[in-house]
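# A closer look at the structure
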Amino acid sequence: MIDLNRRPARKKRDFFSLQILLWGIGICFFLLLCFGIYSMLRRSMERLTMDYYYPFLKIARVTENSIADKVLLMQKKTTLVKALRILQNDNTILAAERTVVNDLKKENAELRALLGLGRKGTFSPIFAEVLSRDSMTWQEQFIIDKGSRHGIEPGNPVVVTTHIGNNAFPAVAVIGKVKSVSGHTAVVSTILSQDFKMSVSLPGSNSSGILEGARKITDMRAILRFLPLQSTPASGQIVYTNSFSGNSPPGLPVGTITDYTRPSAVSRNDQIYIETLIRPFESPAEVRFVAVFVKDRK
Amino acid sequence: MIKTVYIFLITFFSVLAELLFRNIGLFFPFCGLFIFYVTTAFGVRYGFLAAFLAACPLDFLGNGAAHPWSMISFSAVIGLSCFWLHRVESESLFLHSLPGAAVPGIIWIFSLLFFSESPGMVFLDHFPSFLPACFFSALFLPLEIYFFDTLNERLSLPLYTNAKLDLK
């Protein structure tokens, strides 16, 4: 015989379960909606605030530079003339080297066309100045005063002028790469930042690895990982960028290998790659003027 | 409407001052102290408005962060302000040196947790600059309260010193 008293209780349970399910779906949908609205607002606020405050921070930098120029003019004329002569000398050498490089570029393009190879991407530098920093991330990050309106994109390498080895003539070296951009500004992650990853190569052995930022407590160095076991890194060796990612021109110096000790044959049997530490050429804390390599649009 | 414009303007100047100080490596929480003032004088809603207007530029432009994490530290400052208003009986302006010294601590600890990639190393590097920040904040907050109350009186805006009376 059917128990009529059980039917309403069962209906109540089913309705309660359905209620819970609907509440759950409603709450999930509401959370997704909130997350979507937050993501949309966050990006808008990020671009708006970065571009809104840009002119005011830029005024501060321009004022600093004008004061520095005025202080420079207060120096003796003989000192200024000597500095001018050195700069003229450097400019002449650079102009001559640029002529040779342009000629080589043209020859490279002609040879690639002859061999039927595709056109190689070229990069142009954009000069920028550090606009703002924070003391919490002084070594890891800074913001420059150029952005997407100047053609800068996330992933572009950022270089700084430095002296490499005993060479008296300055060269450029990678100091970081662009993390995000707004209209007028860009956030740069330096070599020491955990957000920094770049494919680099060792000259001679043609081995490549991934350089990751990892600031050591004792010294400021990054880690070069995934080097093949047969590669032969040596202390003092310079590592360079390569063209694997397509975001950076190859051949830019990045840093030097420090204190590399080749692992013993026994321990190497357990490893599938080797790691070494890289010291950047310039301390990110002292960087003021940089250049960003931007890919030329076809 | 005038309250919103007033808060927007003062927050803008506070953010600019804090960013300029940060650019030369100094830590001074202009925004945190103003949020403390606004929460007591104008209310919690206006406190959160000032916190939002300050957190976005400080984090996106100052730290290059992807999210406005400073909202969390500013929320703690708002909590401190509510606690000070409701629980502390004294109305002495000089006693405000205590929350003035506490605000940099709150902001600095949260910044250390959310922004720095190696908190231990940054703690050792920046602890010597944190103590002067607390000292100067302790001196600055009573002066700030006096200055803004003088300004608010002319603008017919709520005063910090009347906040406790309004509660009663």
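Residues numbered from 1 in each chain as written. Chains lettered and ligands numbered in written order. Predicted model: local features only at pLDDT ≥ 70, side-chain atom pairs only at ≥ 80, totals over all residues. Heavy atoms only, no water.

## Let's talk about the overall build of chain A
A tally of regular secondary structure across chain A gives 3 helices and 12 strands. Per-residue burial for chain A yields a buried fraction of 37% across its 298 residues. Of the roughly 18,600 Å² of accessible surface on chain A, a fraction of 62% belongs to carbon and sulfur atoms. (Helix = DSSP H or I, 4+ residues; strand = E, 2+ residues; numbered from the N terminus. Buried < 20%, exposed > 50% of the residue type's maximum accessible area, 1.4 Å probe, protein only. Areas by Shrake-Rupley, 256 points an atom, 1.4 Å probe, with all protein chains shown as cover.)

## Observations concerning the confidence of the model for chain B
Residues with a pLDDT of 70 or more make up 98% of chain B, whose mean pLDDT is 88. In the model of chain B, helix α7 (residues 163-167) of chain B stands out as the element of lowest mean pLDDT, 74, in contrast to helix α2 (residues 30-42) of chain B, which has the highest, 94. (pLDDT = per-residue confidence, 0-100.)

## Quick word on the sheet that holds strand β8 (residues 222-227) of chain A
Residues and elements named next belong to chain A. If you walk around this closed barrel you meet the 6 strands as β6-β7-β8-β11-β10-β9, and the pairing is antiparallel. Taking each pair of neighbouring strands and ignoring which way they run, the sheet shows an average axis angle of 45°. Sheet analysis places strand β10 (residues 253-258) next to strand β11 (residues 274-280), joined by 4 bridges and oriented antiparallel. When the sheet's bridge partners are listed, G255 is paired in β11 with P280. (Pairing = 2+ DSSP bridges. Axes fitted to C-alpha atoms, helices over the stretch in contact; angles between N-to-C directions.)

## What about the pairing of β10(A)?
Residues and elements named next belong to chain A. When you tally the buried positions in β10, you get 6 out of 6 residues, the bulk of the element. In this sheet, β10 lies alongside strand β9 (residues 238-241) in antiparallel orientation, the contact comprising 3 bridges. Within the sheet, the bridge partner assigned to V239 lies in β10 and is G255.

## Concerning the packing of aromatic side chains
With the rule as written, the count across this model stands at 27 aromatic pairs over all chains. Judged by centre distance (5.6 Å) and plane angle (15°), the ring pair of B:Y37 and B:Y160 falls under stacked. You can see B:Y37 sitting in helix α2 and its partner B:Y160 sitting in the loop between α6 (119-155) and α7, a full 123 residues away along the chain. For B:Y37, a relative accessible area of 0% gives the class buried. Ring geometry for B:F127 and B:F130: centres 5.9 Å apart, planes at 35°, overall tilted. Remark: B:F130 and B:F127 occur in helix α6; sequence separation between them is 3 residues, near one turn of the helix. Note on B:F127: relative accessible area 32%, which makes it partly exposed. On the accessibility criterion, B:F130 (11% relative accessible area) is buried. The cationic tip of A:R133 hangs over the ring face of A:W138; the distance from NZ or CZ to the ring centre is 5.3 Å. (Phe/Tyr/Trp six-rings, centres within 6.5 Å; stacked < 30°, edge-to-face > 60°. Lys NZ or Arg CZ within 6 Å of the ring centre and 35° of its normal.)

## Considering α6(B)
The terminal C-alpha atoms of α6(B) lie 44 Å apart, and with 37 residues this falls more than 12% below the ideal 54 Å at 1.5 Å per residue. After α6(B) finishes, the residue B:S156 shows a positive phi value of roughly 55°. (Expected span 1.5 Å × (residues − 1).)

## So, the sheet that holds strand β4 (residues 171-181) of chain A
What the 6 strands build is a closed barrel, ordered β1-β2-β5-β4-β3-β12 (chain A); its pairing is antiparallel. On average, each strand axis in the sheet is tilted by 45° relative to the strand beside it, whichever way the strands run. Two strands pair when backbone bridges link them, and strand β1 (residues 123-132) of chain A and strand β12 (residues 289-295) of chain A are joined in this way by 7 bridges, in the antiparallel orientation. Bridged to A:E129 within β12(A) is A:F289. Here helix α3 (residues 44-63) of chain B sits on the sheet and contacts β1 and β2 (141-144) of chain A; the angle it forms with β2(A), its principal contact strand, is near 95°. (Contact = heavy atoms within 4.5 Å.)

## Regarding unusual backbone geometry
With a phi close to 60°, A:F226 is a non-glycine residue in the positive phi region. By the secondary structure assignment, A:F226 is in strand β8. When its relative accessible area of 41% is taken as the criterion, A:F226 is described as partly exposed. One non-glycine residue with positive phi stands out, namely B:S156, at about 55°. Here B:S156 is to be found in the loop between α6 and α7.

## Structural notes on the interface of chain A and chain B
A common measure of how large an interface is: the accessible area buried when the components associate. Across the boundary between the two partners, chain A contributes 31 residues, which contact 33 residues of chain B. Each partner contributes to the roughly 2,900 Å² buried at the junction of chain A and chain B, and carbon and sulfur atoms together form 62% of this total. For the pair chain A and chain B, the number of links is 1 salt bridge. Where B:R22 meets A:D134, a salt bridge forms, and the shortest distance between an N and an O atom there is 3.0 Å. Applying the counting criterion to the chain A and chain B interface returns 7 residue pairs in polar contact (both at pLDDT 80 or more). Among the secondary structure elements, those contributing two or more residues to the side of chain A that touches chain B are α1 (6-73), β1 and β2 of chain A. Residues that form the side of chain A that touches chain B fall into these classes: 15 nonpolar, 7 polar and 9 charged. (Buried area = accessible area lost by both parts, 1.4 Å probe. Salt bridge = Lys/Arg side-chain N within 4 Å of Asp/Glu carboxyl O. Polar contact = N/O pair within 3.5 Å; in protein donor to acceptor, adjacent residues only side chain to side chain. Nonpolar A, V, L, I, M, F, W, Y, C, P; charged D, E, K, R; others polar.)

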